[in-house]
Amino acid sequence: MKRILVVMMCMVMAMTNAFAQDSKKKNEKETVTFVVEAMHCNNCIKKIEKNIAFEKGVTDLKCDLDTKTAEVTYRKDKTTTDKLASAFKKIGMEAVPVDSGDK
Ligand SMILES: [Cu+2]
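Residues numbered from 1 in each chain as written. Predicted model: local features only at pLDDT ≥ 70, side-chain atom pairs only at ≥ 80, totals over all residues.

## Observations concerning the overall build of the protein
Helix and strand counts for the protein stand at three helices and four strands. Reading the helices (α) and strands (β) of the protein from amino to carboxyl end gives α-β-α-β-β-α-β. In terms of overall size, the protein is more extended than a compact globule, its C-alpha atoms giving a radius of gyration of 20 Å where 103 residues would be expected to give roughly 13 Å. Expressed as a percentage of its 103 residues, the buried residues of the protein come to 15%. In the protein, the share of contacts with a sequence separation of at least 24, taken over all contacts with a separation of at least 6, comes to 61%. (Helix = DSSP H or I, 4+ residues; strand = E, 2+ residues; numbered from the N terminus. Rg over C-alpha atoms; globule rule 2.2 N^0.38 Å. Buried ≥ 20, exposed ≤ 12 C-beta atoms within 10 Å, placed from the backbone. Contact = placed C-beta atoms within 7 Å.)

Below, the structure is given as C-alpha cells:
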C-alpha cells in the first residue's frame, strides 16, 4: 500500500513538472520591431493600434512615428513574425522586421 502511494506521488510530481514546463513554454514572449514605411501620421498609428494590437497572440504594441517603427510583443505559441507582417499587409502597410541585433 505504501509503495503504491510512493509511485502515485512520483507520478503526480512528474505531471506537475510537465505542466510547469508546458505553461512556461506557452507564456514565452518575443518582441519584434517592424519598420513600417507607411506610418505617416497619428492616424496611421491609430490604424495599427486598432488592428495589430488585437491580432492573435499580440500582448504589447508600441508605435514610433519618428523612426516609423512598431514594436510588437507577442506570444510565440500564438503567432509568428510572418503572421504579424501579413497582418500589417492586410491593413495596407508593409512591415519589415528588424533584427534587434542590427540596432
Ligand atoms: Cu497617416
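After that view, the rundown keeps rolling.
## A short note on the sheet that holds strand E1 (residues 29-36)
With antiparallel pairing, four strands are arranged side by side in an open sheet as E2-E3-E1-E4. Every interior strand has two partners, whereas the edge strands, strand E2 (58-64) and strand E4 (95-98), have only one. For this sheet, the mean angle separating the axes of adjacent strands, direction not counted, is 30°. With seven bridges joining them, E1 and strand E3 (residues 69-75) adopt antiparallel strand pairing. Bridging from a neighbouring strand, Phe34 pairs with Ala70 of E3. The sheet strands contacting helix H3 (residues 81-90) are E1, E3 and E4, and the helix crosses E1 at an angle near 35°. (Pairing = 2+ DSSP bridges. Axes fitted to C-alpha atoms, helices over the stretch in contact; angles between N-to-C directions.)

## Remarks on H3
Within H3, burial applies to Leu84, Ala87 and Phe88. Seen end-on, H3 carries its buried residues on one side only, within an arc spanning 100°. Of the residues in H3, the exposed ones pointing more than 90 degrees away from the buried face are Asp82, Ser86, Lys89 and Lys90. The inward-facing, buried residues of H3 abut E1, helix H2 (42-51), E3 and E4. (Arc of directions from axis to C-beta.)

## Quick word on the pairing of E1
Across four bridges, E1 lies against E4 in antiparallel orientation. Directly across from Thr33, in E4, lies its bridge partner Val98.

## Observations regarding the pairing of E2
Of the strand pairs in this sheet, E2 and E3 are connected by six bridges, and their pairing is antiparallel. Bridge assignment links Val58 to a residue of E3, and that residue is Tyr74.

## A closer look at unusual backbone geometry
Trans is the prevailing form of peptide bonds, just as negative phi is the prevailing case for residues other than glycine. One non-glycine residue, Lys68, adopts positive backbone phi at about 55°. By the element assignment, Lys68 lies in the loop between E2 and E3.

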